[in-house]
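Secondary and tertiary structure notes
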Amino acid sequence: MGGTFDISLDSLAGRSVTLEDVSSECTSELPQTQGKDLRAVRLLPGPEPQTAPCATGARDGATFFLETFGCQMNDHDSEKVAGVLLSRGYKQVESPDAASLVLYNTCSIREKAAQKVFSRLGEYRTKQAAGQVIGVLGCVAQQEGKEIFERAPWVSLVCGSASYRKLPELLAQVEAGNQRVTGLNTDTDETFETPVTRRDNPWRAYLTIIEGCDKACAYCVVPFTRGPERSRASDSILKEVRELAELGYSEVQLLGQTVNSYADPSSRRMRFSELLLAVADVPGMRRVRFTTSHPRDFGADIVAALEAQPKLCNHVHLPVQSGSTRVLREMVRTYTRDEYLEKIAMLRRAKRPIAITTDVIVGFPGETEADFAETLTLLEEVQYDSLFSFKYSPRPNTPSLSMPDAIPEAEKSRRLTVLQETQREIQSKRNASLVNTRFEVLVSGKSRRENQWSGHTSCHRVINFTSQEQNLLGTYVQVLATGAGPNSLVGEQVT
Ligand code: SAM
Ligand code: SF4
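Residues numbered from 1 in each chain as written. Chains lettered and ligands numbered in written order. Predicted model: local features only at pLDDT ≥ 70, side-chain atom pairs only at ≥ 80, totals over all residues. Heavy atoms only, no water.

**What to know about the sheet that holds strand S14 (residues 386-391)**
- Reading across from one edge, S12-S13-S14 is the order of the three strands in this open sheet, with parallel pairing throughout. Among the strands making up the open sheet, the edge pair consists of strand S12 (315-317) and S14. Geometrically, the sheet is characterised by an average inter-axis angle of 15° between neighbouring strands, direction not taken into account.
- Bridge analysis of S12 against strand S13 (residues 355-362) gives three bridges, and the strand direction is parallel. Among the inter-strand pairings, Val316 is bridged to a residue of S13, identified as Ile356. (Pairing = 2+ DSSP bridges. Helix = DSSP H or I, 4+ residues; strand = E, 2+ residues; numbered from the N terminus. Axes fitted to C-alpha atoms, helices over the stretch in contact; angles between N-to-C directions.)

**Focus on the sheet that holds strand S3 (residues 101-106)**
- Overall, parallel pairing links the six strands, which are arranged S2-S1-S3-S4-S5-S6 in an open sheet. Each of the sheet's edge strands pairs with one partner strand only, and the pair in question is strand S2 (91-92) and strand S6 (181-183).
- Here two bridges tie strand S1 (residues 63-68) to S2, and the two strands are oriented parallel to one another. Residue pairing in the sheet places Phe64 in a bridge with Gln92 of S2.
- Helix-sheet contacts for helix H5 (residues 167-175) involve S3, strand S4 (133-137), strand S5 (155-159) and S6, and the interaxial angle to S6 is about 170°. (Contact = heavy atoms within 4.5 Å.)

**Structural notes on the environment of Thr377**
- Along the chain, the position of Thr377 falls in helix H12 (residues 369-382).
- The spacing of Thr377 and Ser324 is 53 residues in sequence and 9.8 Å in space, taken between C-alpha atoms.
- Of note is the side chain of Thr377, whose polar atom sits 3.1 Å from the side chain of Arg337. (Polar contact = N/O pair within 3.5 Å; in protein donor to acceptor, adjacent residues only side chain to side chain.)

**As for the packing of aromatic side chains**
- Enumeration over the complete set of coordinates arrives at seven aromatic pairs.
- With centroids separated by 6.3 Å and ring planes inclined at 85°, the aromatic side chains of Tyr219 and Phe364 adopt a geometry described as edge-to-face. Of this pair, Tyr219 sits in the loop between strand S8 (210-211) and helix H6 (222-225) while Phe364 sits in the loop between S13 and H12; the two residues are 145 residues apart in sequence, bridging distant segments of the chain. Here the two residues Tyr219 and Phe364 agree in accessibility, since each one is buried.
- Arranged with centres 5.4 Å apart and planes meeting at 75°, the rings of Phe364 and Tyr392 form a pair that is edge-to-face. Residue Phe364 is found in the loop between S13 and H12, and its partner Tyr392 is found in the loop between S14 and helix H13 (409-432); the two are separated by 28 residues along the sequence.
- On the basis of relative accessible area, Tyr392 is assigned to the buried category, the value being 7%.
- Here the aromatic cluster, defined as three or more aromatic residues joined through ring pairs, consists of Tyr219, Phe364 and Tyr392.
- Against the face of Phe118 rests Arg151, its NZ or CZ located 3.6 Å from the ring centre.
- If you follow Arg286 out to its NZ or CZ, it ends over the ring of Tyr476, 4.2 Å from the centre. (Phe/Tyr/Trp six-rings, centres within 6.5 Å; stacked < 30°, edge-to-face > 60°. Buried < 20%, exposed > 50% of the residue type's maximum accessible area, 1.4 Å probe, protein only. Lys NZ or Arg CZ within 6 Å of the ring centre and 35° of its normal.)

**Some details on the side chain of Glu79**
- Within the secondary structure layout, Glu79 lies in helix H1 (residues 72-87).
- A polar side-chain atom of Glu79 sits 3.0 Å from the main-chain amide nitrogen of Asp200.

**Some details on the site of ligand 1**
- In the vicinity of ligand 1 there are 17 residues, among which Tyr219, Gln257, Gln321, Asp359 and Ser393 approach most closely.
- Within the backbone of Gln257, an N or O atom sits 2.7 Å from a nitrogen atom of ligand 1.
- Ser393 is positioned such that a nitrogen or oxygen atom in its backbone is 2.8 Å from a nitrogen atom of ligand 1.
- Protein contact buries 94% of the 560 Å² of open area that ligand 1 shows by itself.
- Those elements giving two or more residues to the shell around ligand 1 turn out to be S13 and S14.
- Taken together, the residues that form the shell around ligand 1 break down as six nonpolar, five polar and six charged. (Near = heavy atom within 4 Å. Areas by Shrake-Rupley, 256 points an atom, 1.4 Å probe, with all protein chains shown as cover. Nonpolar A, V, L, I, M, F, W, Y, C, P; charged D, E, K, R; others polar.)

**Regarding the site of ligand 2**
- Taken together, Cys213, Lys215, Cys217, Tyr219, Cys220, Val222, Pro223, Gln257, Thr258, His294 and Arg333 make up the full set of residues near ligand 2.
- Here the residues of the shell around ligand 2 sort into six nonpolar, three polar and two charged.

**Thoughts on the packing of helix H7 (residues 234-246) against helix H8 (residues 272-280)**
- Where H7 contacts H8, the axes come no closer than 10 Å and their chain directions differ by 25°. Considered as vectors, H7 and H8 are oriented roughly parallel to each other. By crossing handedness, the relation of H7 to H8 is classed as right-handed. The segment H7 lies against H8, with Ser234, Ile237, Leu238 and Val241 engaging Leu275, Ala278 and Val279.
- For the contact of H7 with H8, a count of residues per class yields six nonpolar, one polar and no charged. (Parallel < 35°, antiparallel > 145°, perpendicular 65-115°, else oblique. Left-handed = near helix turned anticlockwise from the far one by under 90°.)

**Let's talk about the confidence of the model for the protein**
- With 87% of its residues at a pLDDT of 70 or more, the protein has an overall mean of 88.
- Counting interchain partners and residues more than four positions distant, the pLDDT-below-50 stretch residues 1-56 has 189 contacts. (pLDDT = per-residue confidence, 0-100.)

**What about the nonpolar core?**
- Among the nonpolar cores identified, the biggest contains 56 residues, and Ile209, Leu254, Phe290, Phe298 and Leu347 are the most heavily contacted of them.
- The biggest single contributor to this core is H8, with six residues. (Core = buried A, V, L, I, M, F, W, Y, C linked by side-chain atoms within 4.5 Å.)

Structural data, given as structure tokens:
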């Protein structure tokens, strides 16, 4: 089979995937959130997405369009923002032209992402005069703050993610006609919980368990844009998981910038690994995922939980960023190459195979050819199942901005290509070794071609397969892998 998947590791949306996902003409029928609005209509069989029970606040006929950039945490924030708006009586529309309120939930992790937001805003220069309200949410809002009003005076609302709790009040001000409404405080111990979340995917639900970040990686804007680490109480998490199971969701993905740094603020003081087991115990839940884990806080108790409970998916995303201890120190990642490799060895000793994926940055200031070579040998040593690779992008407010020995763009691009080629070969071999293996697959896509379906394995591989069944979406089936490419498997349904 050949061609290109347009579903991939969608839980990692927003990152530059190293290698194009390869498969046949399978298309995901799931509503895709990245770069698109969150649709209010249900496109697929499955449980009804949660929708708004009441209408308060918005003027008659108010409509909203919401476009999301960035990571899955942004996707999920948008689901919650959509819930807040629906509960205020807004209707969701599919085009910004049809909306009275246009919102951009933004990402500023790399420069290009932030530039994209301003170019999108430029397209809406004339809209405020036409009565439309334009708002900027998320990381660019937090990073640029009131400066956005200067660069794009047609914007009326600027709100960072740490202020989403205040969104109903801020919206009330917008609805009252206030032209410059801001929510930019990051000094908070609150998490963004809302009684109504409008989820996109009918089977897999995102659930943020920890917001913000207290790590201080030298290159990263997240501690500035998302504020300090705040964990959600375990009983509130478990209540939502039970509700999700009752609605028919069978897979839950626990989210956090450093999800495994979770610290239960309630008197139960549940550890992250205990929370994983408790979530998996909720009747109806069949798969539990979590991302992103920070290597420093990744302990043996998490591996023991994965061993003990098969509902915990056999996939861990453990970003390394560099294979050079010297660069890791400059990045303030708080572990050495050897310490990272000890965590990998712990995962490899687990009683069942666990897929491991990672993030790598090339061209960090001062990264020598020898440092980069160490990253390549790390890839060979770990044999990652997939990898997300980034050229270092200097970001405002970050310590690395003033570091000497910037790497030229052309050299960063060269290193990225070498890294991706190395990983492509590793992935081709790893996937080829899985031919003739049986997988349980959650079916999430149907091809335009007859009898062709696609879905994800527990280890989060995309598998494209044939089946004579008529209605598989949202179900779990057994698939035998019969072929492999660098980014996906192909197979056939078996009993
Ligand atoms: N919290 C996660 C961790 O510790 O690995 C990562 C979250 S960050 C949103 C996702 C990835 O973006 C990072 O793992 C890193 O590889 C990449 N990234 C962050 N800042 C970057 C920058 N300034 N330039 C290039 N890549 C960056
Ligand atoms: Fe950014 Fe580091 Fe926090 Fe991850 S752990 S969000 S890379 S500061």
